[in-house]
Amino acid sequence: KVPWEAETEDTLDIVRTKEIFEKHHYGMQDVKNRFLEYVSVLKLRSQNEEMAKNFRAPILLLVGLVGTGKTTFATSLSEALGRELVRIPFGGMGSAEELRGNSRLILGSEPGRVIKGICEAGVRNPVILLDEIDRGSSDANKDIMGVLVELLDPKQNHAFRDNDVDYPVDLSHAIFLATANNTTAIATAVLDRMEKIS
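Heads up: these notes are all about the structure in this document.

About the cut-offs
- Residues numbered from 1 in each chain as written.
- Predicted model: local features only at pLDDT ≥ 70, side-chain atom pairs only at ≥ 80, totals over all residues.
- Heavy atoms only, no water.
- Helix = DSSP H or I, 4+ residues; strand = E, 2+ residues; numbered from the N terminus.
- Rg over C-alpha atoms; globule rule 2.2 N^0.38 Å.
- Buried < 20%, exposed > 50% of the residue type's maximum accessible area, 1.4 Å probe, protein only.
- Contact = heavy atoms within 4.5 Å.
- Polar contact = N/O pair within 3.5 Å; in protein donor to acceptor, adjacent residues only side chain to side chain.
- Salt bridge = Lys/Arg side-chain N within 4 Å of Asp/Glu carboxyl O.
- Core = buried A, V, L, I, M, F, W, Y, C linked by side-chain atoms within 4.5 Å.
- Axes fitted to C-alpha atoms, helices over the stretch in contact; angles between N-to-C directions.
- Parallel < 35°, antiparallel > 145°, perpendicular 65-115°, else oblique.
- Left-handed = near helix turned anticlockwise from the far one by under 90°.
- Arc of directions from axis to C-beta.
- Nonpolar A, V, L, I, M, F, W, Y, C, P; charged D, E, K, R; others polar.

### Some points on the overall build of the protein chain
Step number 1: The number of helices and strands found in the protein chain is 8 helices and 7 strands.
Step number 2: The C-alpha atoms of the protein chain give a radius of gyration of 17 Å, which matches the 16 Å a tight globule of 198 residues would have.
Step number 3: Dimensions of the protein chain, computed from C-alpha atoms along their principal axes, come out at roughly 50 × 35 × 25 Å.
Step number 4: In the protein chain, buried positions account for 45% of the 198 residues.
Step number 5: Residue pairs in contact within the protein chain that sit at least 24 positions apart in sequence constitute 76% of those at least 6 positions apart.

See below:
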């Protein structure tokens, strides 16, 4: 069942956020500080009704070697905000349909990982972790990057259309984070929509 309206209310406590990040991560103070800034901006925006209405959270791209804790930062952020976490692994993803779903005309069609993820979370505003976006199949990379542009662009993601659901789903309330080992396989149009953190 698609959560058309259901949302989690954010917990925007800077002291608690700092404690959570310190608990999960040793060192990397610059990265932790950037996440604290991120939550601080969310808090400031939430206190101003006009700003909150039009605000789009920046999309952070964590770039680093395997084992440096990139995925754990997403876990920490979702815990700090009290939001559900949806992890979409790109490793070995062979087709854009894995993200966008198959047409209902195809026997056994099902929604893509994005819509499945928010259905499992039960809310339309989870933290969505796009994990290792540089590791999709090279053959399908161009199509996958095309879907990513649609997911990450605020002018488009308010009406994301999954092939199976075949109805626009508003993803603009979700917080997107992405990780990558390096950026060579990531399209410029995708990079332009994110803030890179090493």
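### Things to note about the side chain of R100
Step number 1: Inspection of the secondary structure puts R100 in helix α5 (residues 97–100).
Step number 2: Judged by relative accessible area, R100 falls into the buried class, the value being 17%.
Step number 3: Within the structure, R100 has its side chain in polar contact with the backbone oxygen of R161 (distance 3.0 Å).

### A look at the pattern of salt bridges
Step number 1: What the rule picks out here adds up to 14 salt bridges.
Step number 2: The shortest N-O distance in the salt bridge between E110 and K116 comes to 3.3 Å.
Step number 3: Exposure remark for E110: the relative accessible area of 40% places this residue in the partly exposed category.
Step number 4: The class for K116 is partly exposed, based on a relative accessible area of 31%.
Step number 5: Note that R124 and D170 form a salt bridge whose closest N and O atoms lie 3.6 Å from each other.

### Some details on the nonpolar core
As a rule of thumb, soluble globular proteins bury nonpolar side chains together.
Step number 1: Core analysis: the largest hydrophobic core is formed by 37 residues, its most contacted members being I88, F90, L130, I133, F176 and V190.
Step number 2: When residues of this core are traced back to their parent elements, those giving at least two are β1 (60–63), β2 (85–89), α6 (113–121), β3 (127–131), α7 (141–152) and β6 (175–180).
Step number 3: A per-element tally of this core places α7 first, with 7 residues.
Step number 4: Residue contacts for L130: discarding those within four places in its chain leaves I88, F90, L148, L152, F176, L177, A178 and T179.
Step number 5: Counting 18 residues, the second-largest nonpolar core is a separate cluster that includes L12, V31, F73 and L81.

### Topic: the packing of helix α1 (residues 14–24) against helix α2 (residues 29–46)
Step number 1: Where α1 meets α2, the axes come as close as 10 Å, and the angle between the chain directions of the two elements is 155°. On the basis of the axis angle, α1 is roughly antiparallel to α2. When the axes of α1 and α2 are compared, the crossing they make is right-handed. Here I14, T17, K18, F21 and E22 of α1 come into contact with α2, specifically with Q29, K32, F35, L36, V39, S40 and K43.

### Focus on α1
Step number 1: Every buried residue of α1 is accounted for by T17, I20 and F21. End-on, the buried residues of α1 take up no more than an arc of 95°, which puts them together on one face. Exposed side chains of α1 directed beyond 90 degrees from the buried face belong to V15, E19 and K23.
Step number 2: Contacts made by the buried residues of α1 are with α2 and α4 (70–81).

### What to know about the packing of α1 against α4
Step number 1: Where α1 contacts α4, the axes come no closer than 9 Å and their chain directions differ by 150°. Relative to α4, α1 is oriented roughly antiparallel. In terms of crossing hand, the pair formed by α1 and α4 is right-handed. Across from R16, T17, I20, F21, K23 and H24 in α1, the residues of α4 making contact are T72, F73, S76, L77, E79 and A80.
Step number 2: When its residues are assigned to classes, the contact of α1 with α4 shows 5 nonpolar, 4 polar and 3 charged.

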